[in-house]
Amino acid sequence: MQDVRGADVRDAGDAQTTAARLRAICDEMSDRFYERADVVRTLVVALLAGQHSLLLGPPGTAKSELARELTGRIEGASYWEILLSKFTAPTRMFGPVDVAALTRGEYRQVYEGRATTAHVAFIDEIFKCSTAALNETLGYLNERIYHPESGGEPIRCPLIGAITASNELPTGEDTAAIYDRLLVRIEVGYLADPSNFAALVRSAVSRPAAPVRTTVELAELRAAVTGSVPVVEVPDTVVDAVCSLRAALRRKELVASDRRWRQAVGLLQASAYLDGRPAVAETDLTVLTHVLWDSPAQRPTVEREVLHLVNPDAKEALDLADALDELEAQLDAMAGQSREALSDWVIKQAHNKLATAGKRLERLRAEAAGAGRSTAAIDRVADRRRAVRARVLTEALGMDASMVQDRL
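Residues numbered from 1 in each chain as written. Predicted model: local features only at pLDDT ≥ 70, side-chain atom pairs only at ≥ 80, totals over all residues. Heavy atoms only, no water.

Observations regarding the pattern of salt bridges
1) Next: Considering all chains together, one arrives at 28 salt bridges under this definition.
2) Next: With its nearest N and O atoms 2.3 Å apart, the salt bridge here joins R304 to D322. Of this pair, R304 sits in helix α12 (residues 299-310) while D322 is found in helix α13 (residues 314-333), placing the two residues 18 residues apart along the sequence.
3) Next: Classification of D322 by relative accessible area gives partly exposed; the value is 34%.
4) Next: Of the charged contacts in the structure, one is a salt bridge between K348 and D344, with a shortest N-O distance of 3.4 Å. Here D344 and K348 lie together in helix α14 (residues 339-370), a separation of 4 residues that amounts to about one turn.
5) Next: Take D344: its relative accessible area is 35%, and that puts it in the partly exposed class. (Salt bridge = Lys/Arg side-chain N within 4 Å of Asp/Glu carboxyl O. Helix = DSSP H or I, 4+ residues; strand = E, 2+ residues; numbered from the N terminus. Buried < 20%, exposed > 50% of the residue type's maximum accessible area, 1.4 Å probe, protein only.)

A word on helix α9 (residues 218-228)
1) Next: Buried within α9 we find L218, L221, A224, V225 and S228. One side of α9 carries all its buried residues, which in axial view fall inside an arc of 165 degrees. Along α9, the residues that are exposed and aim more than 90 degrees away from the buried face are A219 and T226. (Arc of directions from axis to C-beta.)

Section: the packing of aromatic side chains
1) Next: All chains considered together, the criterion is met by 4 aromatic pairs.
2) Next: Relative to Y146, the ring of F94 lies with its centre 4.7 Å away and its plane at 10 degrees, an arrangement referred to as stacked. With a gap of 52 residues between them, F94 in helix α4 (residues 90-94) and Y146 in strand β5 (residues 145-146) connect regions that are remote in the sequence. For the pair F94 and Y146, a shared accessibility class is recorded, and that class is buried.
3) Next: Ring geometry for Y111 versus Y146: centroids 6.2 Å apart, planes at 70 degrees, classification edge-to-face. One end of the pair, Y111, is in the loop between α5 (99-103) and β4 (120-124); the other, Y146, is in strand β5, with 35 residues separating them in the sequence.
4) Next: Among the aromatic residues, those joined into a ring-pair cluster are F94, Y111, Y140 and Y146.
5) Next: The ring of Y179 carries R185 above its face, with NZ or CZ at 3.8 Å from the centroid. (Phe/Tyr/Trp six-rings, centres within 6.5 Å; stacked < 30°, edge-to-face > 60°. Lys NZ or Arg CZ within 6 Å of the ring centre and 35° of its normal.)

Observations regarding the side chain of E125
1) Next: The residue E125 is located in the loop between β4 and α6 (131-143) in this model.
2) Next: Buried E125, no salt bridge; nearest opposite-charge side chain is K128, N-O distance 4.0 Å.
3) Next: Side chain to side chain, E125 and N167 meet in a polar contact 2.7 Å long.
4) Next: Residues in contact with E125, not counting those within four places in the same chain, are L83, L84, A165, S166 and N167. (Lys, Arg positive; Asp, Glu negative; His and termini not counted. Polar contact = N/O pair within 3.5 Å; in protein donor to acceptor, adjacent residues only side chain to side chain. Contact = heavy atoms within 4.5 Å.)

Details of the sheet that holds strand β3 (residues 79-83)
1) Next: Spatially, 5 strands are ordered β3-β4-β7-β1-β8 in an open sheet, and the strand pairing comes out parallel. A single partner strand is all that each edge strand has here, and the edge strands are β3 and β8 (184-187). Across this sheet, the average inter-strand angle for adjacent strands is 15 degrees, counted without regard to direction.
2) Next: Across 5 bridges, β3 lies against β4 in parallel orientation. Paired with Y79 across the bridge in β4 is V120.
3) Next: Across the sheet, helix α3 (residues 63-72) lies against β1 (53-56), β3, β4 and β7 (161-166), angled at about 170 degrees from β3, the strand it touches most. (Pairing = 2+ DSSP bridges. Axes fitted to C-alpha atoms, helices over the stretch in contact; angles between N-to-C directions.)

A closer look at the nonpolar core
1) Next: Grouped together as the largest cluster of nonpolar side chains are 88 residues, with contacts concentrated most on L48, Y140, Y273, L288 and L292.
2) Next: Once residues within four sequence positions are removed from consideration, L288 is found in contact with L245, W261, A264, L268, V302 and V306.
3) Next: Listed in part, the 22 residues of the second largest apolar core include M334, A357, L364 and A396. (Core = buried A, V, L, I, M, F, W, Y, C linked by side-chain atoms within 4.5 Å.)

As structure tokens, then:
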């Protein structure tokens, strides 16, 4: 019995070490990829839950680079990526024909280096999947299997999770089936903060010191996905919160399938595991802001309902976010006006609104932290305020973006 208890202690210690390494990976990647902290964490949570994710956004927003960097931190993992088009054949994805074998009268496919051997896959322009490859792609995402064109036994693929990307939502029923299988949906846009953009430009011409690079073994990640995450406790209070959220969204005519809700439980467990907790807490529900919408227009409503449930401070923070959006819209509307007019607007309106929002966010964050509640939503609004303030200083007052600094 002592040996069993000792093994349990070692397993728990190994799980905590793996979670700590994954948190370090999140931190390091967030430092490298500006304004992508939530994106990085959500991708890691999706992998830990064994689920697929979609990065939705315009070209040039580091979608593929994020996938490569994350997979590169998993030692021993096989990575595969492809850019799909309407003409992509299934064999290009899952294994081309062995020409040498074909000359001998044998029909055989070469699977090495294709989707069939990947632990993590990045599929760009996922909704341009060809009709010919559609069924095999669905089977690959759903059951992790591929049916060889020769008609042989289905091949079990070692896929942990796929990271997919697209510039637009699906338009046809065929690709909508793929969209439904992507549990996690993350909007990725261009950098909003001019100071971050300035840092990005500087990074193109400078030679930064080699960054710290934490890694995790493939076996450790697999142990977390199959062993540690599924045993994270889901208390009744969280179940009740999920039921309340479902009812609130239905009142807004936002209905997710029962399958999506059930799969989302794994994300909640993965979120708690990543934070080093043995049980899911209501704060983990924030990951559902990337799960329960079908179109980007629905995401703000989902976010509000989730955050109102998770954090009583969130409503005021989101109201402040709305005020910041209005302020930024005013700045856009004043494009082309004289420097004097812009300066007058900053002095009479923008400065006071930004200062007031900053002080209130600081108090909200202190109150939430003191009560042991998540500050993630408040931090996101604070980041938004910094970005708007930087735009005001650079575009309205003509300050150098690289000199803009801010604090709450």
